Amino acid sequence: MKNFILGLAVLSTVVMKAQTRIIAHRGYWQTQPPTTENSLKSLENAQQLKIYGSEFDVRMTKDGVLVINHDEHHAKMEISETDFKELEKVKLSNGEDFPTLKDYLKQGKKDKTLKLIVEIKPDKTKEKEDELTAKTIKMIKDMKLGSQCEFISFSLNICKEIKKLEPSFKVQYLKGELSPQQIKDEGLDGLDYHYSIFQKNPTWIADAKALGLITNAWTVNDIVIADELKKQGIGFITTNIPDQLKK
């Protein structure tokens, strides 16, 4: 009986200490003075916040260079159809050079406590997606950053390709149409869905946790919504206001 009571006490302590962790969406860029999303400065700002992680988007240029950019276009140039030497002529709005994945990983390596949440963007064909994924995984492993990186994508193909290349890597799916059980059946580690998906499916956070899956919601920029998700026990929240939700 004493051991049972002690076990309950330990479990209660663990539950009380468990809390939703914060991920900066494309870095922490809504600062004063403001910087720009997916910039090296936004990653550096996230590092200074001492939060769980910082998310960023990986794409591949026509000549196979891995770059950081959310949209398909940089300026008016389509990234997948343009060589890097042309793309780098246009700086980011904060004056930084157009960042490569290598640049970003070098900055990320400066603070090993901040997880790098690598979103690999969908490409036009499975062959292109597989090439982009393989190159991304290789660079991360070559730079010995595997333990610091976690992975997300809207492409189920990319998610499954990551797990095929490196089964130990944590991979979460973004699109939102798969139930927790389907995510488990696909061999992935979690669901990282827009918060509205969890509002429409109020049991999914609990269902996912029961299956041992990671739960994350994006992009939560409302403190009330964040509090609702926390009460449901969500594991992670991705946000443009990491400084506010950290409090």
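Residues numbered from 1 in each chain as written. Predicted model: local features only at pLDDT ≥ 70, side-chain atom pairs only at ≥ 80, totals over all residues. Heavy atoms only, no water.

Participant: Summarise the pairing of strand 10 (residues 214-218); cite the residues concerned and give the values.
Facilitator: The buried count for strand 10 comes to 4 of 5 residues, which makes it a mostly enclosed element. Here strand 9 (residues 190-194) pairs with strand 10 via 5 bridges, running parallel. Across the sheet, residue Leu-191 finds its bridge partner in strand 10, namely Thr-215. Two elements, strand 10 and strand 11 (residues 236-239), share 2 bridges in a ladder whose sense is parallel. Bridge pairing in strand 11 places Ala-217 opposite Ile-237. Running through helix 10 (residues 223-231), the crossover from strand 10 to the neighbouring parallel element strand 11 is right-handed. (Buried < 20%, exposed > 50% of the residue type's maximum accessible area, 1.4 Å probe, protein only. Helix = DSSP H or I, 4+ residues; strand = E, 2+ residues; numbered from the N terminus. Pairing = 2+ DSSP bridges. Right-handed = clockwise from strand over helix to strand, strands pointing away.)

Participant: Report on the UniProt feature "domain: GP-PDE" (unreviewed entry) in the chain, specifying residues and quantitative values.
Facilitator: Per the UniProt record, "domain: GP-PDE" (unreviewed entry) is annotated on residues 20-247. Split by type, residues 20-247 is 36% helix and 21% strand. Its first and last C-alpha atoms lie 11 Å apart. (UniProt positions renumbered as here; feature names shortened; annotations may be inferred.)

Participant: Explain helix 5 (residues 126-142) residue by residue, including any values.
Facilitator: Taking 1.5 Å as the rise per residue, helix 5 with 17 residues should run 24 Å; its terminal C-alpha atoms sit 24 Å apart, in good agreement. Every buried residue belonging to helix 5 is among Glu-129, Asp-130, Leu-132, Thr-133, Thr-136, Ile-137 and Ile-140, and all of these are buried. Buried residues along helix 5 cover an arc of 165 degrees about the axis, so they all sit on one side. Among the exposed residues of helix 5, those pointing more than 90 degrees away from its buried face are Glu-127 and Lys-138. Packed against the buried residues of helix 5 are strand 2 (53-60), strand 3 (66-68), helix 4 (101-108), strand 6 (115-120), strand 7 (149-153) and helix 6 (156-165). (Expected span 1.5 Å × (residues − 1). Arc of directions from axis to C-beta. Contact = heavy atoms within 4.5 Å.)

Participant: Tell me about the confidence of the model for the chain, and please be specific about residues and values.
Facilitator: Here the chain shows a mean pLDDT of 94. Residues at 70 or above account for 93%. For residues 8-17, every residue scores under 50 in pLDDT, and the model assigns this stretch 0 contacts once sequence neighbours within four places are set aside. (pLDDT = per-residue confidence, 0-100.)

Participant: Please give an account of the nonpolar core that cites residues and values.
Facilitator: For soluble globular proteins, nonpolar side chains are generally found buried alongside one another. In this structure, Phe-56, Phe-151, Tyr-193, Phe-198 and Leu-229 are the most contacted members of the largest nonpolar core, which totals 52 residues. Not counting the four nearest positions on each side in its chain, Leu-229 is found in contact with Tyr-195, Phe-198, Ile-205, Ala-217, Val-220, Ile-234 and Ile-237. Residues Ile-23, Ile-152, Leu-174 and Ile-214 belong to the second largest nonpolar core, which totals 7 residues. (Core = buried A, V, L, I, M, F, W, Y, C linked by side-chain atoms within 4.5 Å.)

Participant: Which residues make up the packing of aromatic side chains, and what values do they have?
Facilitator: On inspection of all chains with the given rule, the structure shows 7 aromatic pairs. Pairing Tyr-52 with Phe-236 gives two aromatic rings, centres 4.8 Å apart and planes at 55 degrees, and the pair type is tilted. One end of the pair, Tyr-52, is in the loop between helix 2 (40-49) and strand 2; the other, Phe-236, is in strand 11, and 184 residues separate them in sequence. Take Tyr-52 and Phe-236: they sit in the same class, and that class is buried. Measuring from centroid to centroid gives 5.0 Å for Phe-151 and Phe-169, while their planes differ by 20 degrees, and the two rings are stacked. In this pair, Phe-151 sits in strand 7 while Phe-169 sits in the loop between helix 6 and strand 8 (171-173), placing the two residues 18 residues apart along the sequence. Taken individually, Phe-151 and Phe-169 each receive the classification buried, so the pair is uniform in this respect. (Phe/Tyr/Trp six-rings, centres within 6.5 Å; stacked < 30°, edge-to-face > 60°.)

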